Amino acid sequence: MARPVFPYPQQGRLTVLGAGESGFGTAVLAKQLGFDVLVSDNGRVADVYRQPLEEAGIRYEEGSHSVEEILRSDLVVKSPGIPGTVSVVQQLRANGIPVIGEIEFAAQYTDAKLICITGSNGKSTTTMLTWHILSQGGLNVGLAGNIGRSFALQVARAKYDYYVLEISSFMLDDMYHFRADVAVLLNITPDHLDRYDHNLDNYVDSKFRIIRNQRPDDLFIYCADDPVTVEALPRYAPVARQLPFSILREVGTGAYLEGNNLVINIPEQELFIMDINELSLQGKHNIYNNMASGLVAKAQELRNASMKESMGSFKNIPHRLEFVACIAGVNYINDSKATNVNAVWYALESLAPYVVLIMGGVDKGNDYDMLRDLVRTKVRAIVCIGKDTSRIHDALEDDAPIIVNSSSMKDAVEIASHIAQKGDTVLLSPACASFDWFKNFEDRGDQFKEAVMNL
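J.: Describe the overall build of the protein, with residues and values.
T.: Regarding its fold elements, the protein presents 17 helices and 20 strands. Expected size for 455 residues packed as a compact globule is a radius of gyration near 23 Å; at 22 Å, the protein falls within 12% of this value. Oriented by its inertia axes, the alpha-carbon framework of the protein measures out at about 65 × 55 × 40 Å. Relative to its 455 residues, the protein shows a buried fraction of 57%. In the protein, of all internal contacts separated by at least 6 residues, the share reaching a separation of at least 24 is 67%. As displayed, the protein offers around 18,500 Å² of accessible surface, 48% of which is attributable to carbon and sulfur atoms.

The following block contains the structure:
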């Protein structure tokens with residue numbers, strides 16, 4: 001337990017708010033540590049967690065919170081999906097009971113090196129790529145955070161020397177004493193602003209919590225081409241060693257492009273050079289992702305040959321620009337994880353004309369203006385999904401030749417297949433949350449793939 005002891009109770013009553021992957025893992029670890037654990041979910045506990053909770057002898061409740069009992073807790077760990085504005089959280093804080101997140105809680109109980117990746121776009125791909133490079137390079141490394149099995153569960157049941165953690169802004173909001181050995185900030189674009197009082201500065205504050213508590217011998221890797229990040233840097237004054245990456249200019253120490261070569265230059269390490277055409281992930285946004293992952297790997301002193309093999313063989317994660325099928329000369333691509341406008345921009349930027357774009361869902365206050373040029377030059381038609389499509393129509397009807405609504409994912413795919421011509425791409429890239437028609441973005445992507453295969 002090499003981490004400093006956080007100022008939280010190490011025994012007593014611990015309540016977990018939310019019985020999803022994060023909450024289940026937290027409960028298992030807390031029970032193992034000797035806490036008296038209650039898992040409380042205002043909704044229904046999913047079957048995949050119900051039986052394991054019972055087998056572990058962990059009490060749980062569903063459908064409502066036993067507020068009086070919860071207010072007797074010594075420590076509360078809440079799901080990142082629960083806003084701090086909900087009544088029970090506000091009551092807990094008013095009573096001086098600490099409310100933290102799973103990452104904050106579990107970090108107290110591992111001495112593994114923590115590599116933490118955040119950003120508005122690309123963090124899942126970069127997290128998976130980083131884990132792939134490190135594991136292929138022979139390191140004993142776990143994958144957790146906003147992806148895979150929960151961090152707390154792995155701390156309880158596994159023993160890794162490194163963790164690569166995908167960290168969302170919601171997770172960062174519940175982290176106070178946590179420290180990242182390596183912090184990666186990919187980019188900052190407006191996202192989830194409904195959770196941040198529609199104030200970009202609040203969202204920027206959240207993202208920069210990734211460098212909170214870092215020390216001079218830690219690493220901060222960031223995109224020198226991202227204007228919001230660069231403008232904000234002086235306000236947060238990182239104390240860690242900085243490794244920027246850029247495709248627009250040579251940064252010296254860090255990662256940059258030299259012609260078609262991706263160059264990673266870290267003092268006292270062998271210079272890394274790789275032709276970008278040999279990367280398994282193509283497109284400008286994926287050059288950035290490879291730079292970030294490569295910097296992490298090179299800083300861990302991985303060999304160049306191993307890094308090149310991994311960066312050339314990596315397969316992207318499901319629901320992120322995932323190739324589904326080619327039917328009648330039309331490519332179908334599942335980008336269901338694109339839940340904000342900037343992610344759709346990246347997807348369109350990486351594809352050749354023409355695209356039939358399936359988009360829509362629960363709008364989070366999106367500004368679609370950044371898509372207008374790409375829609376005008378690359379998009380043959382937009383097929384809208386979701387209950388309310390009016391904002392997409394209002395924003396893009398002057399730029400897209402065709403905008404039509406659909407009644408289901410099956411309907412959307414069938415409409416798109418009739419509009420698309422040979423050589424086109426049908427792209428599911430929603431720019432929105434999924435909760436109106438679907439359980440989550442995975443369910444949305446799975447329904448898209450099923451509809452495609454049934455054409």
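Read on for the rest.
J.: Any chance you could break down helix 10 (residues 227–236) for me, citing the residues and the numbers?
T.: Of all the residues in helix 10, the buried ones are Thr229, Ala232 and Leu233. On an axial view of helix 10, the arc spanned by its buried residues comes to 135 degrees, and they lie on one face. Away from its buried face by more than 90 degrees, helix 10 exposes Pro227, Glu231 and Pro234. On the buried face of helix 10, the contacting elements are strand 9 (182–185), helix 9 (200–207) and strand 10 (219–223). Just downstream of helix 10, Ala237 is the residue with a positive phi angle, here 45 degrees.

J.: Describe the sheet that holds strand 3 (residues 59–62), with residues and values.
T.: Across the sheet, five strands lie side by side as 3-2-1-4-5; this open sheet has parallel pairing. Since the sheet does not close on itself, it has two edges, and those belong to strand 3 and strand 5 (99–100), each with one partner. In this structure, strand 2 (residues 36–41) lies alongside strand 3, joined through four bridges in parallel fashion. Looking across to strand 3, one finds that Asp41 is bridged to Glu62.

J.: Run through the side chain of Ser124, naming residues and quoting values.
T.: Its location among the elements puts Ser124 in helix 6 (residues 123–136). A polar contact is formed between the side chain of Ser124 and the side chain of Glu166, at a distance of 2.9 Å. Setting aside residues no more than four positions away along its own chain, Ser124 makes contact with Ile147, Glu166, Ile317 and Lys337.

J.: Just give me the short version of helix 2 (residues 47–55), but keep the residues and values in it.
T.: Listing the buried residues of helix 2 in full gives Tyr49, Arg50 and Leu53. Down the axis of helix 2, the smallest arc covering the buried residues is 110 degrees, so these residues share one side. Residues of helix 2 that are exposed and point over 90 degrees away from its buried face: Asp47, Val48, Gln51 and Glu55. For helix 2, the secondary structure elements touched by its buried residues are helix 1 (21–33), strand 2 and strand 3. Where helix 2 terminates, the next one or two residues include Gly57, which has phi positive at roughly 70 degrees.

J.: Quick one: what's the story with the packing of helix 6 against helix 11 (residues 284–299), residue by residue and with numbers?
T.: Between helix 6 and helix 11, the shortest axis-to-axis distance is 9 Å and the interhelical angle comes to 40 degrees. Between helix 6 and helix 11, the interaxial angle falls into the category oblique. Handedness of the helix 6/helix 11 crossing: right-handed. For the pair helix 6 and helix 11, contact is made by Thr125, Thr126, Leu129, Thr130, Ile133 and Leu134 and by Asn286, Asn289, Asn290, Ala292, Ser293, Val296 and Ala297, respectively. By residue class, the composition of the contact of helix 6 with helix 11 is six nonpolar, seven polar and no charged.

J.: Quick one: what's the story with the packing of helix 16 (residues 409–419) against helix 17 (residues 441–453), residue by residue and with numbers?
T.: Running from N to C, helix 16 and helix 17 point in directions that differ by 50 degrees, and their axes come no closer than 9 Å. Taken together, helix 16 and helix 17 sit at an angle that is classed as oblique. Note that helix 16 runs across helix 17; the crossing there is right-handed. In this structure, helix 16 uses Met409, Lys410 and Val413 to contact helix 17, whose residues at the interface are Arg444, Gln447, Phe448, Ala451 and Val452. Among the residues making up the contact of helix 16 with helix 17, the classes are represented as five nonpolar, one polar and two charged.

J.: Can you tell me about the sheet that holds strand 18 (residues 379–384), naming the residues and giving the values?
T.: Read across the open sheet, the six strands follow the order 15-16-20-17-18-19; overall the sheet is mixed. Edge positions in the sheet fall to strand 15 (322–327) and strand 19 (403–405), since each of these pairs with one other strand and no more. Averaged over neighbouring strand pairs, the angle between their axes works out to 20 degrees when direction is ignored. Alignment of strand 17 (residues 355–359) against strand 20 (residues 425–428), held across four bridges, turns out to be parallel. Looking across to strand 20, one finds that Leu357 is bridged to Leu427. Against the sheet, helix 13 (residues 341–350) contacts strand 17, strand 18 and strand 20, and its axis sits at roughly 165 degrees relative to strand 17. Sheet strands in contact with helix 17 are strand 15, strand 16 (330–334), strand 17 and strand 20, and its direction is about 15 degrees off that of strand 15.

Parameters and conventions
- Residues numbered from 1 in each chain as written.
- Predicted model: local features only at pLDDT ≥ 70, side-chain atom pairs only at ≥ 80, totals over all residues.
- Heavy atoms only, no water.
- Helix = DSSP H or I, 4+ residues; strand = E, 2+ residues; numbered from the N terminus.
- Rg over C-alpha atoms; globule rule 2.2 N^0.38 Å.
- Buried < 20%, exposed > 50% of the residue type's maximum accessible area, 1.4 Å probe, protein only.
- Contact = heavy atoms within 4.5 Å.
- Areas by Shrake-Rupley, 256 points an atom, 1.4 Å probe, with all protein chains shown as cover.
- Arc of directions from axis to C-beta.
- Pairing = 2+ DSSP bridges.
- Polar contact = N/O pair within 3.5 Å; in protein donor to acceptor, adjacent residues only side chain to side chain.
- Axes fitted to C-alpha atoms, helices over the stretch in contact; angles between N-to-C directions.
- Parallel < 35°, antiparallel > 145°, perpendicular 65-115°, else oblique.
- Left-handed = near helix turned anticlockwise from the far one by under 90°.
- Nonpolar A, V, L, I, M, F, W, Y, C, P; charged D, E, K, R; others polar.

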